[in-house]
Structure formats: C-alpha cells, structure tokens
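This is what each chain is made of:
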Amino acid sequence: MGLKVYGVPMSTCTTRVLVCLHEKGLEFEFVPVNFLGGEHKQPPFLEKNPFGQIPVLEDSDLTLFESRAITGYIADKFKDTGCDLIRHGDCNEAAVVRVWVEVEAQQYNPAIQPIVYQCLVAPLIGKTSDQKIIDESLEKLGNVLDVYEARLSKIKYLAGDHFTLADLHHLSYTFYFMKTPYASLIESRPHVKAWWEDISSRPAFVKVSVNMKYEFN
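Residues numbered from 1 in each chain as written. Predicted model: local features only at pLDDT ≥ 70, side-chain atom pairs only at ≥ 80, totals over all residues. Heavy atoms only, no water.

Draft legend 1. Local environment of the overall build of the protein. Within the protein, the regular secondary structure consists of 10 helices and four strands. Start at the N end of the protein and walk to the C end: the helices and strands fall as β-α-β-α-β-β-α-α-α-α-α-α-α-α. The C-alpha radius of gyration of the protein comes to 17 Å, within 12% of the 17 Å expected for a compact globule of 217 residues. For the protein, the spread of C-alpha atoms along the three principal axes comes to 50 × 45 × 25 Å. Taking all 217 residues of the protein together, 49% fall into the buried category. Looking at the protein alone, contacts between residues at least 24 apart form 65% of all its contacts between residues at least 6 apart. Taking the average location of the 22 positive side-chain charges in the protein and that of its 28 negative ones, the two points are 1 Å from each other. (Helix = DSSP H or I, 4+ residues; strand = E, 2+ residues; numbered from the N terminus. Rg over C-alpha atoms; globule rule 2.2 N^0.38 Å. Buried < 20%, exposed > 50% of the residue type's maximum accessible area, 1.4 Å probe, protein only. Contact = heavy atoms within 4.5 Å. Lys, Arg positive; Asp, Glu negative; His and termini not counted. Charge placed at Lys NZ, Arg CZ, Asp CG, Glu CD.)

If you want it as structure tokens, here you go:
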C-alpha cells in the first residue's frame, strides 16, 4: 500500500502536506473527507486521528496526523527524492531549518490564522467578522513580518539559500491572507514580497493552489 492522504483540498493543513508530497515528486492517493458532513468526527476517521482533524497520512501500516509532523516525516523518509526540504547534508543548516519551522508554528501562524478566519471563513458560515480580533492580529503579524523583512534582506529563504520546510509551511495561510484586504502587509515589505512571489510560484504549490478555494457547497 502506498501513500494515502485524507483531507480537504482547500484546507490549509491538508495543502501543506500536499505541497510537500509534490515537492518530493511522490505518488499518492488523495481521499476527500466530507468535512461539512462531519465525517472527520465519525468512529472510522477517529480511529485514524482521535482528535477528529485533517489531514491524516497513511504509509503502509503507519498512520500520522498533524500536518507539520507529516511534512517532517516525508522530508526525512524521502530525503534523497526531490527537493531536500531539511538540508540533511549539513547538521547546522538542518538545525536552522527546524528553528524557522518553529517560528512559523509559534509566531507566524498564530498571528495570520485569525485574520484569514475572520475575513474569509466567518462570512461563509454565517458569522460576522470580528474587527477587534483582526486588528490585534494584524499588529502581531506586522511585528513578525518586520523580523522576516530584516532576515530576508540578507538571505533568499528563511533558513538560508535554499527552499525548505521553513518556507513551505508558510504557503497555505499566506495564500489565503493575500486574498484579504490586508495583503499590503506583505506587499509593503520588499524582501518579504519577493520571497512570497518566489515560493508561491513553485510548481508544486501552483498545482495545489488551483483547488484552494473557500467555497462551501
């Protein structure tokens, strides 16, 4: 049995995994989950992820959840295939990659996620966007992006001269953020803007982003 991914094409966490698989040039089976129908909360899916969240990766008898853990597994197991997303050949470079993977998870994501939710998701599910949450998150995100701007003025990618998981993990939420009224936070910082235009034009992400549409039918 080969690689199998359970998820939703527009999900930020699912697409994080899909981009990683495409960067590695790996074949896999994608299994859509009926998220609106609550399939992820039913016993068969809960056997795969007891927290009832997507995505899930199956690799033969191994089952994994949590998208960043999955991308790390893929990058490690298939290190000699496609793009080296962790820089396995140099322990110092690999350590820097892991630092900036943590920065994305602990600094960037908590700031950008509420903005995307309030601007794009809330209206689709009949909720009113909370401008107070948006404004507070914009301030936090701006501070993070100031750090990114300074770093990217010296190097091409967040962890050095090569595209890695540190960059890849930013793709999904930034893609949706750029569809909000606040895209200027990226566009007004020239080095961040150049970095974003670079990583978002990679073939793996272009292929996945075709299906990244917040549409609930």
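Draft legend 2. Main features of the pattern of salt bridges. This model, assessed by the stated rule, comprises 11 salt bridges. Measuring nitrogen to oxygen at the nearest pair gives 2.9 Å for the salt bridge that ties Glu58 to Lys48. With Glu58 in strand E3 (residues 56-59) and Lys48 in the loop between helix H2 (43-46) and E3, this residue pair connects regions lying 10 residues apart in the sequence. Judged by its relative accessible area of 9%, Glu58 is buried. Across the pair Lys156 and Asp198 runs a salt bridge whose closest N-O atoms are separated by 3.9 Å. (Salt bridge = Lys/Arg side-chain N within 4 Å of Asp/Glu carboxyl O.)

Draft legend 3. Structural context of the side chain of Glu149. With respect to the secondary-structure elements, Glu149 resides in helix H5 (residues 131-152). Filtering out sequence-adjacent residues up to four positions away, Glu149 remains in contact with Arg189, Pro190, His191 and Val192.

Draft legend 4. Here's a closer look at unusual backbone geometry. The step from Ile54 to Pro55 runs through a cis peptide bond, and the omega angle for that step is 5°. Tracing the sequence through the fold places Pro55 in the loop between H2 and E3. With a phi angle near 55°, Ser60 is a residue other than glycine that sits in the positive phi range. By secondary structure assignment, the location of Ser60 is in the loop between E3 and strand E4 (62-65). A positive phi angle, close to 60°, is found at Arg87, a residue other than glycine. Tracing the sequence through the fold places Arg87 in the loop between helix H3 (67-77) and helix H4 (91-124).

Draft legend 5. The packing of H5 against helix H9 (residues 190-199), seen in detail. Two elements in contact, H5 and H9, have axes separated by 7 Å at closest approach and are oriented at 80°. One element, H5, and the other, H9, form an angle in the roughly perpendicular class. Contact with H5, carried on its side by Leu145, Tyr148, Glu149 and Leu152, involves Pro190, His191, Val192 and Trp195 of H9 and no other residues of that element. Across the contact of H5 with H9, the residue classes tally to six nonpolar, one polar and one charged. (Axes fitted to C-alpha atoms, helices over the stretch in contact; angles between N-to-C directions. Parallel < 35°, antiparallel > 145°, perpendicular 65-115°, else oblique. Nonpolar A, V, L, I, M, F, W, Y, C, P; charged D, E, K, R; others polar.)

Draft legend 6. Here's a closer look at the pairing of strand E1 (residues 3-7). Of all five residues making up E1, five are buried, and the element is well covered by its neighbours. The side-chain alternation of E1 yields two buried faces, one formed by Leu3, Val5 and Gly7 and the other by Lys4 and Tyr6. With five bridges joining them, E1 and strand E2 (residues 28-32) adopt parallel strand pairing. Residue pairing in the sheet places Lys4 in a bridge with Glu29 of E2. Taken together, E1, helix H1 (residues 12-23) and E2 constitute a β-α-β crossover, and its handedness is right-handed. Strand direction decides the pairing type here: E1 and E3, joined by four bridges, are antiparallel. Pairing of Lys4 across the sheet is with Glu58, part of E3. (Pairing = 2+ DSSP bridges. Right-handed = clockwise from strand over helix to strand, strands pointing away.)

So far we have only geometry, and geometry alone does not tell us how the molecule works.
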